[in-house]
Amino acid sequence: ELRADREVVLAAVQQDGDALEFASKELRADREFMLAAVQQNSCALVYASEQLQADREFMMAAVQQRGLALRYASEELRADREVVLAAVQQDGDALEFASKELRADREFMLAAVQQNSCALVYASEQLQADREFMMAAVQQRGLALRYASEELRADRE
């Protein structure tokens with residue numbers, strides 16, 4: 001059957017990531033196949049099995065290929081520092097899908113800013129208004145100032 005044919009389904013996914021919706025359950029649970037599909041189209045992960053979306057090794061490989069694949073990771077993995085930093089290194093906008101706790105964590109966010117200065121756009125409001133945190137971020141990346149609270153940007157010190 002075509003829905004279980006790796007080559008046919010990958011070709012379809014290359015054209016449209018949503019084609020994976022019609023792939024066999026076996027293909028959608030196959031680690032190797034799904035990584036190949038993610039290379040073709042990161043949206044393919046929406047159709048990955050829940051087991052794969054919660055599989056740390058699989059999702060680490062996926063976010064290293066496409067940072068925005070973090071969107072489809074399990075809640076637990078979206079709170080995993082290492083997985084999220086790998087995603088942010090590949091694409092700073094991946095931080096949008098990190099847990100609120102990580103986005104409010106001073107140490108983690110400084111590490112994320114080292115990977116990608118755009119990560120600050122997703123920092124919690126408290127961190128964006130935290131003088132000490134923003135000074136550390138600006139020392140790492142001058143452009144980080146853009147994401148400071150208005151009050152801090154007006155601060156002459």
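What comes next is a walk through the structure.

Procedures and definitions
- Residues numbered from 1 in each chain as written.
- Predicted model: local features only at pLDDT ≥ 70, side-chain atom pairs only at ≥ 80, totals over all residues.
- Heavy atoms only, no water.
- Core = buried A, V, L, I, M, F, W, Y, C linked by side-chain atoms within 4.5 Å.
- Buried < 20%, exposed > 50% of the residue type's maximum accessible area, 1.4 Å probe, protein only.
- Helix = DSSP H or I, 4+ residues; strand = E, 2+ residues; numbered from the N terminus.
- Contact = heavy atoms within 4.5 Å.
- Polar contact = N/O pair within 3.5 Å; in protein donor to acceptor, adjacent residues only side chain to side chain.
- Axes fitted to C-alpha atoms, helices over the stretch in contact; angles between N-to-C directions.
- Parallel < 35°, antiparallel > 145°, perpendicular 65-115°, else oblique.
- Left-handed = near helix turned anticlockwise from the far one by under 90°.
- Nonpolar A, V, L, I, M, F, W, Y, C, P; charged D, E, K, R; others polar.

**Some remarks on the nonpolar core**
In step 1: Within the largest apolar cluster, 52 residues are counted, with the highest numbers of intra-cluster contacts made by Leu-20, Leu-45, Val-63, Leu-70, Val-84, Leu-95 and Leu-120.
In step 2: Among the secondary structure elements, those contributing two or more residues to this core are helix 1 (6-15), helix 3 (31-40), helix 5 (56-65), helix 6 (81-90), helix 8 (106-115) and helix 10 (131-140).
In step 3: Excluding its chain neighbours within four sequence positions, the residues that come into contact with Leu-45 are Met-34, Val-38, Gln-53, Phe-58, Met-59, Ala-62, Ala-69 and Tyr-72.

**So, helix 5**
In step 1: If you check which residues of helix 5 are buried, you get Phe-58, Met-59, Met-60, Ala-62 and Val-63.
In step 2: Where helix 5 begins, the side chain of Asp-55 points an oxygen toward the backbone nitrogen of Glu-57, at a separation of 3.1 Å.

**A word on the environment of Ala-69**
In step 1: Turning to its location among the elements, Ala-69 is positioned in the loop between helix 5 and helix 6.
In step 2: Residues Ala-69 and Ala-79 lie 10 residues apart in sequence; the distance between their C-alpha atoms is 14 Å.
In step 3: For Ala-69, the contacting residues outside a window of four places in its chain are Leu-45, Met-59, Ala-62 and Val-63.

**Thoughts on the environment of Leu-35**
In step 1: Take Leu-35: it is sitting in helix 3.
In step 2: Taking the C-alpha atoms as reference points, Leu-35 and Gln-65, separated by 30 residues in sequence, lie 8.8 Å from one another.
In step 3: Excluding its chain neighbours within four sequence positions, the residues that come into contact with Leu-35 are Phe-58, Ala-61, Ala-62 and Gln-65.

**Describing the packing of helix 8 against helix 10**
In step 1: At a minimum axis distance of 10 Å, the contact between helix 8 and helix 10 shows a crossing angle of 20 degrees. Considering the angle they form, helix 8 stands roughly parallel to helix 10. By crossing handedness, the relation of helix 8 to helix 10 is classed as right-handed. From helix 8, Arg-106, Met-109, Leu-110, Val-113 and Gln-114 reach across to helix 10, where they touch Glu-132, Phe-133, Ala-136, Ala-137 and Gln-140.
In step 2: Here the contact of helix 8 with helix 10 is composed, by residue class, of 6 nonpolar, 2 polar and 2 charged.

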